[in-house]
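Here is how the chains run, residue by residue.
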Amino acid sequence: MPSYKAPVADTMFILNEIVGLERLTNNPGFASATSDIVQAILEEGGKFASEVLSPLNAVGDQIGCKRNDDGTVTTPPGFQEAFDQFVAGGWTTLHAPEEYGGQGLPIVLAIAAEEYFTASNHGFNMYHGLTGAAVSAILAKGDDTLKQKYVPNMVSGQWCGTMNLTEPHCGTDLGLIKTRAQPQDDGSYKITGTKIFISAGEHSMAENIIHLVLAKTPGAPAGSKGISLFLVPKMMVNDDGSLGAHNAVTCGSIEHKMGIHGNATCVMNYDDATGWMIGEENKGLAAMFIMMNQARLGVGLQGLAQGELAYQQAVHYAMDRRQGRALTGAAEPDKPADTLFVHPDVRRMLMECKALTEGLRALVLWGALQVDLIKYAPTEEERQAADDIISLLTPVIKGYGTDKGFDVAVLAQQVFGGHGYIREWGVEQAVRDARITMIYEGTNGVQAMDLVGRKLPANGGRAVRALFKMVAQDVAAGKAVPETAAIAEALEKANQQLQAATMWLMQNAMQNPNNAGAAAYAYMHITGIVATGMMWLRMAMAAQAQLNAGTGNPDYMKAKLVTARYFAERIMPEAGALRRKIEGGAEVLMELPPEAFLTAA
């Protein structure tokens, strides 16, 4: 049975040394996040993940969910009991506002715990995974009545929340949606339409499910400018807060998926269901983007989490599995064969996994800190800077993070050889579960276009210039330390490639928009390499400082330095090849007519 252990020590190192959580406790929003409290929360979260959620991961995958004849959904065995414990443990309340029953802790701490829950059981964690994002949208755009009536029970975990965007005929192009909202005399709306791919769209683990639904009102402008956002509860809520009749929203079917079988991905039918508008009419997409941007950071985290799960399994397998001899001679002559760890190619795969997972963990947590700083930084200038950098990096964290999380899962599977293809070892489930992260919440191609088409040129390129400056400052500091100078130089070269690619886009995208489309994916990956490389330089410098001071675990700090070197020597140079792809332009991509792609007779 595959097992999972939460990487609490690594998380604490990042929170202390890269995020700097201890230095922020004088700021509003961070006062309660003292080191001892953070440590206790993460240890308890890790314990819950490993002892309660991890044993149910294979159960959810193998048994899955069932839609019953009455439209209800039965979740996998053990999920209800685990969900009850999850809610009782207060895990739904970590970063929610105190006025609505939350603990008011920083988002970065909630994201850190979220990694453990996702890695141990991706399908389970999705049942409440979008609730926090739904709460954010309601608090930002909803009126006081909606906030008071729905948010407290969503925060407590009594109720869950979903996101309803996609329809059978449209996904990314939401301007094509057909779901309609007819206004009623009492201020409510009747919602009619079909939504697909709705994660946790129906289940009975929570008392109620609050659906956030995109729809169009009568006479709305065509396209995305005519979209409004509506709150549609599964169960009607009476004025006194008690639950009333079942709303006219039902699960039509459950999707049969490649992975995340433990989560009910539903087709949802709205047949004159009662709902209430969130925010202004025809401005629903902007309101939904509050939810979507938070969800995209969460999906980037999912990529990391699946990679970490698969990596842990591969490490244990490589330690136990004996196969062949070391190229330099038998490492253990008294044994019939050496372990897989003696083979350089196995080491290559495991080092790639280690460098990517630890680097992405730092990037995701540092990114989550920026979300906190948008609200809690002491000056407007700092709040704006945090908003700029996380707006730029959100599609990168989602796109690059999930691409690399999936790559890690595949590499981990490869370490197992043939056993990696067999269900009993569990690593093939991680590969299947990780694959969806590259698709939902906007495919990674869409993320790349968002980066190049929207985020990069925003405010005259202010955010990317800030990134260049940030990297340059870190490079200068890293070069001043002999042990990190080579890492800093590698990052400097990668940053130069990113700067050159940015300049090429500025010169060529306007004259031919297809150049931007052709370059976007590679550009997203260069940005991911530079951003993750910046995290690795910071971690290397922090590790060296602790070694110099004689503090911390020296073996852990030395391993950080070696892994940082690996990222610098083996991954950062990829930036040059990606730049050359970008400069190839769009001509070769767009030249062939569609029929030329058909297999020749």
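Okay, so let's go over this structure. Please read all numbers here as calculations on a predicted model, not as lab measurements.

**Some thoughts on the overall build of the chain**
Helix and strand counts for the chain stand at 18 helices and 11 strands. For 601 residues, the compact-globule estimate of 2.2 N^0.38 gives 25 Å, and the C-alpha radius of gyration of the chain, at 24 Å, lies within 12% of that figure. Taking the principal axes of the C-alpha coordinates as reference, the chain spans close to 80 × 70 × 60 Å. Across the 601 residues in the chain, those meeting the buried criterion constitute 56%. Intrachain contacts of the chain at a sequence separation of at least 6 include 73% that bridge at least 24 residues. Element-wise, carbon and sulfur atoms account for 53% of the exposed surface of the chain, whose accessible area totals about 25,000 Å². When the 48 positive and 63 negative side-chain charges of the chain are each reduced to one mean point, those points stand 5 Å apart.

**Notes on the packing of aromatic side chains**
If you walk through the whole model with that rule in mind, you get 16 aromatic pairs. Judged by centre distance (6.1 Å) and plane angle (40 degrees), the rings of F48 and F86 are tilted. One end of the pair, F48, is in helix α2 (residues 35-63); the other, F86, is in helix α3 (residues 79-88), with 38 residues separating them in the sequence. Owing to a relative accessible area of 9%, F48 belongs among the buried residues under this scheme. The exposure class of F86 is buried, given its relative accessible area of 3%. With 6.0 Å between their ring centres and 55 degrees between their planes, Y150 and W159 make a pair best called tilted.

**Some thoughts on a nonpolar patch on the surface**
Together, Y421, I422 and W425 make up an exposed nonpolar region whose accessible area comes to about 350 Å². Residue I422 is classed as partly exposed on the basis of its relative accessible area, which comes to 38%.

**Focus: the state of the cysteines**
Overall, the coordinates contain 0 disulfides when judged by the stated rule. Looking at the unpaired C65, the closest cysteine sulfur is the one in C266, lying at 7.8 Å. Residue C251 stays outside any disulfide, its sulfur separated by 3.7 Å from that of C266, the closest cysteine. The class for C251 is buried, based on a relative accessible area of 1%.

**What about the pairing of strand β3 (residues 159-164)?**
Counted residue by residue, β3 has 6 buried out of 6 residues, so it is predominantly covered. Burial along β3 is two-sided: the face carrying W159, G161 and M163 and the face carrying C160, T162 and N164 are both buried.

**Overview of the pattern of salt bridges**
Evaluation of the coordinates by the stated rule reveals 24 salt bridges. Across the salt bridge formed by K560 and D10, the nearest N and O atoms sit 2.7 Å from each other. On the criterion of sequence distance, the pair formed by K560 in helix α16 (residues 554-571) and D10 in helix α1 (residues 8-19) is long-range, its members being 550 residues apart. For K560, a relative accessible area of 1% corresponds to the buried category. R432 serves as the salt-bridge partner of D61, at 2.8 Å between the closest nitrogen and oxygen. On the criterion of sequence distance, the pair formed by D61 in helix α2 and R432 in helix α11 (residues 427-435) is long-range, its members being 371 residues apart. Judged by relative accessible area, which is 14%, R432 ranks as buried. Each of D10, E115, E308, K354, E358, R361 and K560 takes part in a single network of salt bridges with overlapping partners.

Cut-offs applied
- Residues numbered from 1 in each chain as written.
- Predicted model: local features only at pLDDT ≥ 70, side-chain atom pairs only at ≥ 80, totals over all residues.
- Heavy atoms only, no water.
- Helix = DSSP H or I, 4+ residues; strand = E, 2+ residues; numbered from the N terminus.
- Rg over C-alpha atoms; globule rule 2.2 N^0.38 Å.
- Buried < 20%, exposed > 50% of the residue type's maximum accessible area, 1.4 Å probe, protein only.
- Contact = heavy atoms within 4.5 Å.
- Areas by Shrake-Rupley, 256 points an atom, 1.4 Å probe, with all protein chains shown as cover.
- Lys, Arg positive; Asp, Glu negative; His and termini not counted.
- Charge placed at Lys NZ, Arg CZ, Asp CG, Glu CD.
- Phe/Tyr/Trp six-rings, centres within 6.5 Å; stacked < 30°, edge-to-face > 60°.
- Patch = residues over 30% accessible without salt bridge, like charges linked within 9 Å, V, L, I, M, F, W, Y side chains within 5 Å.
- Salt bridge = Lys/Arg side-chain N within 4 Å of Asp/Glu carboxyl O.
- Disulfide = S-S within 2.5 Å.

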